[in-house]
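Coordinates in review
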Amino acid sequence: ETGVTQTPRHLVMGMTNKKSLKCEQHLGHNAMYWYKQSAKKPLELMFVYNFKEQTENNSVPSRFSPECPNSSHLFLHLHTLQPEDSALYLCASGHNEQFFGPGTRLTVL
Amino acid sequence: RKEVEQDPGPFNVPEGATVAFNCTYSNSASQSFFWYRQDCRKEPKLLMSVYSSGNEDGRFTAQLNRASQYISLLIRDSKLSDSATYLCVVSDDAGNMLTFGGGTRLMVKP
């Protein structure tokens, strides 16, 4: 149904682990985004990529490192996360009207 | 002050009822406005864009008041399947920076 896919759907990691989240969009959009959704808080924009270039970093800690190798793929590399980083991480693509992937539910132990 | 403010609810209404949600935004330079719907443990999905002249899509009517920085969503003849969280969203002039409200939860009861 959705043109935006994300893997993995669920991830449990320790604070010393390194993992990566992957997003792929099949909609031909040139802009892609990472959002964080924590319980009882509004969706927070983390990063914006336009034509593979990062155009926005919304004061995100360096333990989150995005990568955009092409307009269809977006990664979020994670290392030395904290338990408070546990959340739903959503990828989106589009301009104005954005289309979201199903998200990765991350738990940091 | 929150950039996009919504009453979190929940709004508990019977089937067939009419329900209205309101939203206020703080950035007067905001250019585009949307309502998204998010079901429990699912991703947000665009419900409708909001235009200055007001717009309607079936049972859903959205209105924008730029002077008051206020957006509304009216749902007529509520269905059980309308139960969800409704997110008010505003965009900057570049169209990339979406700011989300905290959402209003609607529960439609039989």
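One structure accompanies this document, and this report is about it. (Residues numbered from 1 in each chain as written. Chains lettered and ligands numbered in written order. Predicted model: local features only at pLDDT ≥ 70, side-chain atom pairs only at ≥ 80, totals over all residues. Heavy atoms only, no water.)

**Considering the overall build of chain B**
Selection criterion: In DSSP terms, a helix is any run of H or I states spanning at least four residues, a strand is any run of E spanning at least two, and both are numbered starting from the N terminus. For a compact globule the rule gives 2.2 Å times the number of residues to the power 0.38, and the radius of gyration it is set against comes from C-alpha atoms. We call two residues contacting when some pair of their heavy atoms lies within 4.5 Å. Each accessible area value is a Shrake-Rupley result obtained with a 1.4 Å probe; residue values ignore everything except the protein chains displayed when judging cover.
Tallying secondary structure elements over chain B gives 0 helices and 11 strands in all. Tracing chain B from N to C terminus, the helices and strands come up as β-β-β-β-β-β-β-β-β-β-β. Relative to the compact-globule value of 13 Å for 110 residues, chain B shows a C-alpha radius of gyration of 13 Å, a close match. Taken along the three principal axes of its C-alpha coordinates, chain B extends 40 × 30 × 20 Å. At a minimum sequence separation of 6, the contacts of chain B that also span at least 24 residues come to 56%. When the accessible area of chain B is evaluated, it comes to approximately 5400 Å², of which 47% is carbon and sulfur surface.

**Description of the state of the cysteines**
Using the following cut-off: Cysteine sulfur atoms are paired as a disulfide whenever they fall within 2.5 Å. Relative accessibility under 20% of the residue-type maximum defines a buried residue, over 50% an exposed one, and the middle range a partly exposed one, all with a 1.4 Å probe and only protein chains included.
What the rule picks out here adds up to 2 disulfides over all chains. The disulfide bridge from A:C23 ends at A:C91, spanning 1.9 Å between sulfur atoms. The disulfide joining A:C23 to A:C91 has a torsion of about -75° about its S-S bond and is therefore left-handed. Of this pair, A:C23 sits in strand β3 (residues 18-25) while A:C91 sits in strand β9 (residues 87-95), placing them 68 residues apart in sequence. Of the two residues, A:C23 and A:C91, neither departs from the other in class, the shared state being buried. Two residues share a disulfide in this structure: B:C23 and B:C88, whose sulfurs sit 2.0 Å from each other. Where B:C23 bonds to B:C88 through sulfur, the torsion about that S-S bond is close to -75°, and the disulfide is left-handed. Taken together, the residues B:C23 in strand β3 (residues 19-25) and B:C88 in strand β9 (residues 84-91) connect sequence positions 65 residues apart. Taking the relative accessible area as the measure of exposure, B:C23 reaches 1% and is therefore buried. We note that A:C68 lacks a disulfide partner, and the nearest cysteine sulfur, in A:C91, lies 9.1 Å from it.

**Regarding the pattern of salt bridges**
Residue and element names in this part refer to chain B. Selection criterion: We count a salt bridge whenever a side-chain nitrogen from Lys or Arg sits within 4 Å of a carboxyl oxygen from Asp or Glu.
All told, the structure shown has 6 salt bridges over all chains when counted by the stated rule. Measuring nitrogen to oxygen at the nearest pair gives 2.9 Å for the salt bridge that ties K79 to D77. Judged by relative accessible area, K79 falls into the partly exposed class, the value being 32%.

**Description of the sheet that holds β3(A)**
Backbone hydrogen bonds hold the strands of a sheet together, and the pairing may be parallel or antiparallel. Residues and elements named next belong to chain A. Defined as follows: Between any two strands, at least two bridges found by DSSP are needed for them to pair. Each axis is a line fitted through C-alpha atoms, and for a helix only the stretch in contact is used; angles between axes span 0 to 180 degrees, taken between their N-to-C directions.
The antiparallel open sheet is built from 4 strands, whose spatial order is β1-β3-β8-β7. In this open sheet, the two edge strands, each paired with only one partner strand, are β1 (4-7) and β7 (64-70). Within this sheet the neighbouring strands show an average axis-to-axis angle of 20°, counted without direction. Relative to strand β8 (residues 73-79), β7 runs antiparallel, the two being bridged by 5 bridges.

**Comments concerning the interface of chain A and chain B**
Accessible area lost upon the coming together of the parts serves often as the stated size of an interface. Note the threshold: When two parts are brought into contact, each loses some accessible area as probed by a 1.4 Å sphere; the total of that loss over both is the buried area. Whenever a nitrogen or oxygen atom comes within 3.5 Å of another N or O atom, the pair is scored as a polar contact, on the condition that within protein one atom can donate a hydrogen and the other can accept it, and that pairs from neighbouring residues in sequence are kept only if both atoms are in side chains.
Facing the 20 residues of chain A at the interface are 19 residues of chain B. Interface area, chain A with chain B, both sides summed: about 1700 Å², of which 50% is carbon and sulfur. Of all residues in chain A, the largest losses of buried area upon contact with chain B belong to A:N96, A:E97 and A:F100, amounting jointly to 30% of the total for that side. Here chain A is connected to chain B by 0 salt bridges. On the surface where chain A and chain B come into contact, there are 3 residue pairs in polar contact (both at pLDDT 80 or more). Residue assignment for the side of chain A that touches chain B shows that the elements contributing at least two residues are β4 (31-37), β5 (44-50), β9 and β10 (97-100) of chain A.

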